Amino acid sequence: AQSVTQPDIHITVSEGASLELRCNYSYGATPYLFWYVQSPGQGLQLLLKYFSGDTLVQGIKGFEAEFKRSQSSFNLRKPSVHWSDAAEYFCAVGAKTSYDKVIFGPGTSLSVIP
Amino acid sequence: NAGVTQTPKFQVLKTGQSMTLQCAQDMNHEYMSWYRQDPGMGLRLIHYSVGAGITDQGEVPNGYNVSRSTTEDFPLRLLSAAPSQTSVYFCASTSRRGGTGELFFGEGSRLTVL
């Protein structure tokens, strides 16, 4: 069965500092991997996705993520955080053979301090 | 562009009452799904559908019914609401035909069961 863990419930970083949010997944086949962001009171927006090919993927808002098959990880990174990046971040895994049953992790809440 | 539309945005129910959360999408997406979001739990998949007439259970289906009579609509029914169903509900859709796998989310429906 698919599962996703995000070890950090909450992270606080200073504006301008670098950011890394961790994601580990469990899936029997080659997965599709996603990062979504949710601003307070809003729906979810796709930041980036990995389907195949280059294991370092670029997304919107300056985010990137690296797929490491050996570690079953898909960590999200940003070199310099902006105050507007404060939000909830969700990692998700789906089946490569179809888009059925996309499963989400519990989320990491990001706070940004001046 | 309407995208994914959920109604109502807010609802208060008493224990034992029934209600239907409506979800409609105008993107001709085959795949539609319902998630519930609870603090610390992320998004958990309730039910999903890969096309009209086809539905399947997700991670937490108990207490919820769905049907898919048209491509556009995917209502979620609570037959006898319980306080444990207090949550924020999100409908999402995607295309399985040459799509990117990105889930498009509605704005959410906040349900309180007293």
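Residues numbered from 1 in each chain as written. Chains lettered and ligands numbered in written order. Predicted model: local features only at pLDDT ≥ 70, side-chain atom pairs only at ≥ 80, totals over all residues. Heavy atoms only, no water.

Engineer: Is there a simple way to explain the overall build of chain B in this structure?
Structural biologist: Tallying secondary structure elements over chain B gives zero helices and eleven strands in all. In chain B, the order of α-helices and β-strands from amino to carboxyl end is β-β-β-β-β-β-β-β-β-β-β. Relative to the 2.2 N^0.38 estimate, which gives 13 Å for 114 residues, the radius of gyration of chain B is 13 Å and therefore close to what a compact globule would have. Burial analysis of chain B (114 residues in total) assigns 47% to the buried set. In chain B, the share of contacts with a sequence separation of at least 24, taken over all contacts with a separation of at least 6, comes to 53%. For chain B, the exposed area adds up to about 5300 Å²; of that, 50% sits on carbon and sulfur atoms. Taken as two groups, the 9 positive and 9 negative side-chain charges of chain B have centres that lie 7 Å from each other. (Helix = DSSP H or I, 4+ residues; strand = E, 2+ residues; numbered from the N terminus. Rg over C-alpha atoms; globule rule 2.2 N^0.38 Å. Buried < 20%, exposed > 50% of the residue type's maximum accessible area, 1.4 Å probe, protein only. Contact = heavy atoms within 4.5 Å. Areas by Shrake-Rupley, 256 points an atom, 1.4 Å probe, with all protein chains shown as cover. Lys, Arg positive; Asp, Glu negative; His and termini not counted. Charge placed at Lys NZ, Arg CZ, Asp CG, Glu CD.)

Engineer: Explain the interface of chain A and chain B here, please?
Structural biologist: Across the boundary between the two partners, chain A contributes 19 residues, which contact 23 residues of chain B. Surface buried jointly by chain A and chain B totals about 1700 Å² across both partners, of which 60% is contributed by carbon and sulfur atoms. Remark: the boundary between chain A and chain B carries zero salt bridges. Our enumeration of links across chain A and chain B arrives at four residue pairs in polar contact (both at pLDDT 80 or more). Among the elements of the structure, strand 5 (31–38), strand 6 (44–50) and strand 11 (103–104) of chain A are those that each provide at least two residues to the side of chain A that touches chain B. In terms of residue class, the side of chain A that touches chain B is built from eleven nonpolar, five polar and three charged. (Buried area = accessible area lost by both parts, 1.4 Å probe. Salt bridge = Lys/Arg side-chain N within 4 Å of Asp/Glu carboxyl O. Polar contact = N/O pair within 3.5 Å; in protein donor to acceptor, adjacent residues only side chain to side chain. Nonpolar A, V, L, I, M, F, W, Y, C, P; charged D, E, K, R; others polar.)

Engineer: Would you mind going over the state of the cysteines with me for this structure?
Structural biologist: All told, the structure shown has two disulfides over all chains when counted by the stated rule. With its sulfur 1.9 Å from that of its partner, Cys23(A) forms a disulfide with Cys91(A). Judged by the sign of its S-S torsion, about -65°, the bond between Cys23(A) and Cys91(A) is left-handed. Remark: Cys91(A) occurs in strand 10 (residues 87–95) and Cys23(A) occurs in the loop between strand 3 (19–21) and strand 4 (24–26); sequence separation between them is 68 residues. Using a relative accessible area of 0% as the deciding quantity, one classes Cys23(A) as buried. Bridging Cys23(B) to Cys91(B), the disulfide has an S-S length of 1.9 Å. (Disulfide = S-S within 2.5 Å.)

Engineer: Would you mind showing me how to read the sheet that holds strand 8 (residues 76–78) of chain B here?
Structural biologist: Strand pairs in the sheet, formed through backbone hydrogen bonds, run parallel or antiparallel to each other. Residue and element names in this part refer to chain B. Taken together, the four strands give an open sheet; going across it, the order is 1-3-8-7, and neighbouring strands pair in antiparallel fashion. The sheet is open, and its two edges are formed by strand 1 (4–7) and strand 7 (64–66), each paired on a single side. Here the strands of the sheet are splayed against their neighbours by 20° on average, with no regard to which way each runs. Note: strand 3 (residues 19–25) against strand 8, three bridges, orientation antiparallel. In the sheet register, Leu-21 faces strand 8, and the bridge partner there is Leu-76. (Pairing = 2+ DSSP bridges. Axes fitted to C-alpha atoms, helices over the stretch in contact; angles between N-to-C directions.)

Engineer: Explanation requested: unusual backbone geometry in the structure shown.
Structural biologist: What you tend to see is this: most non-glycine residues have negative phi, and most peptide bonds are trans. Looking along the chain, the bond that leaves Thr7(B) and enters Pro8(B) is cis, with omega of -5°. Residue Lys61(A) is not a glycine yet carries a positive backbone phi of 60°. Tracing the sequence through the fold places Lys61(A) in the loop between strand 7 (56–58) and strand 8 (64–68). Of note in the backbone geometry, Asn28(B) takes a positive phi value of approximately 60° without being a glycine. In this fold, Asn28(B) is placed in the loop between strand 3 and strand 4 (31–38).

Engineer: Could you clarify how one ought to interpret the pairing of strand 8 of chain A in this entry?
Structural biologist: Within a regular strand, side chains alternate between the sheet's two faces. Residue and element names in this part refer to chain A. On strand 8, burial follows the alternation: Ala-65 and Phe-67 on one face are buried, whereas Glu-64, Glu-66 and Lys-68 on the facing-out side are not. Strand direction decides the pairing type here: strand 7 and strand 8, joined by three bridges, are antiparallel. Bridge pairing links Leu-56 to Glu-66 in strand 8. Here strand 7 hands over to strand 8 after five residues, with Lys-61 in that stretch at a positive phi of 60°. Judged from the five bridges that link them, strand 8 and strand 9 (residues 73–78) form a sheet pairing that is antiparallel. Note that in strand 9 the partner of Glu-64 across the bridge is Arg-77. The turn linking strand 8 back onto strand 9 is made up of four residues, and Ser-72 within it adopts a positive phi angle of 50°.

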